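# Structural characterization, general
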Amino acid sequence: IILAMRPAKRVNKRKREVDTRDDQSKNIRIPITPALNELLFQDTRNIKQGKLVALPSTPTIQNILDGYRKQAGDIGEESELILADLGPLFNLMLGKHLLYPQERNQYRNILVRDGGNHNLCQLYGCVHLLRLFVKLPLVLATIPEMPANSIEAVKSVCVGLVGYIDRNIRIFSGVYEVGNQI
């Protein structure tokens with residue numbers, strides 16, 4: 001698995017602190033377009049007003065990944081593996097890293113309702129995937145000794161996905177509802 005998560009190495013010394021995450025995260029940037037930044041800003045505003053993304057989102061993250069695969073054509077084995085790893089990584093990060101506190105009750109209700117056996121990529125949508133892309137450089141930076149070509153491959157797939165979402169932004173804007181609903 002290319003996106004396996006392991007803690008970063010930290011070396012503390014009296015006069016200097018070396019954190020491998022800082023060096024790597026400076027090299028990993030997934031550019032988010034102005035239109036998608038605006039979508040994230042509107043999302044934050046909606047959450048602060050007590051509105052949650054209606055679930056299941058239309059389209060879901062799984063729909064977005066499948067649409068990207070179809071549109072991109074033959075993307076190669078490494079890119080396919082990266083796309084396959086994005087779903088489990090999203091599922092792993094969602095509860096603690098990608099949700100606002102106001103959304104966590106909705107998330108817990110889903111886990112209770114489904115017994116924790118749900119592919120969250122089939123419920124959550126575009127804005128949550130964009131949140132993953134914002135956090136992904138920090139996640140990648142925690143993987144010690146990740147080869148530069150693997151980092152570039154992950155970045156390339158994510159940049160392609162961001163472009164795909166940007167070109168289709170009209171269909172990826174989420175519907176919000178008053179909080180505490182699932």
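This write-up is about the structure you can find in this document.

What counts and how
Residues numbered from 1 in each chain as written. Predicted model: local features only at pLDDT ≥ 70, side-chain atom pairs only at ≥ 80, totals over all residues. Heavy atoms only, no water. Helix = DSSP H or I, 4+ residues; strand = E, 2+ residues; numbered from the N terminus. Buried < 20%, exposed > 50% of the residue type's maximum accessible area, 1.4 Å probe, protein only. Contact = heavy atoms within 4.5 Å. Areas by Shrake-Rupley, 256 points an atom, 1.4 Å probe, with all protein chains shown as cover. Phe/Tyr/Trp six-rings, centres within 6.5 Å; stacked < 30°, edge-to-face > 60°. Polar contact = N/O pair within 3.5 Å; in protein donor to acceptor, adjacent residues only side chain to side chain. Axes fitted to C-alpha atoms, helices over the stretch in contact; angles between N-to-C directions. Parallel < 35°, antiparallel > 145°, perpendicular 65-115°, else oblique.

## A word on the overall build of the protein
Looking only at helices and strands, the protein has 8 helices and 4 strands in total. For the protein, the succession of helices and strands along the chain, N to C, is β-β-α-α-β-α-α-α-α-α-α-β. Here the protein holds 182 residues, and the buried ones make up 42% of them. Sequence-distant contacts, at least 24 apart, represent 84% of the contacts inside the protein between residues at least 6 apart. Looking at the protein as shown, the accessible area adds up to about 10,100 Å², and 52% of this sits on carbon and sulfur atoms.

## Observations concerning the packing of aromatic side chains
For the structure on display, the rule yields 2 aromatic pairs. Note on Y68 and Y164: the rings are 6.0 Å apart at their centroids and 65 degrees apart in plane angle, and the pair reads as edge-to-face. Residue Y68 is found in helix 3 (residues 61–72), and its partner Y164 is found in helix 7 (residues 148–167); the two are separated by 96 residues along the sequence.

## Structural notes on the side chain of H128
Its location among the elements puts H128 in helix 6 (residues 126–141). Residue H128 is classed as buried on the basis of its relative accessible area of 0%. A polar atom in the side chain of H128 sits 3.3 Å from the side chain of E103. Leaving out residues up to four positions away in the same chain, H128 has contacts with V53, I61, F90, L94, L98, L99 and E103.

## As for the packing of helix 3 against helix 4 (residues 77–98)
Two numbers describe a pair of packed helices, the interaxial angle and the distance between the axes. Where helix 3 meets helix 4, the closest approach of the two axes is 11 Å, and the angle between their N-to-C directions is 175 degrees. Accordingly, the angle class assigned to the pair helix 3 and helix 4 is roughly antiparallel. Along the contact surface, helix 3 presents I61, L65, Y68 and R69, while helix 4 presents E80, L83, A84, L86 and F90.

Without other data, these values stay purely geometric and don't point to any function.
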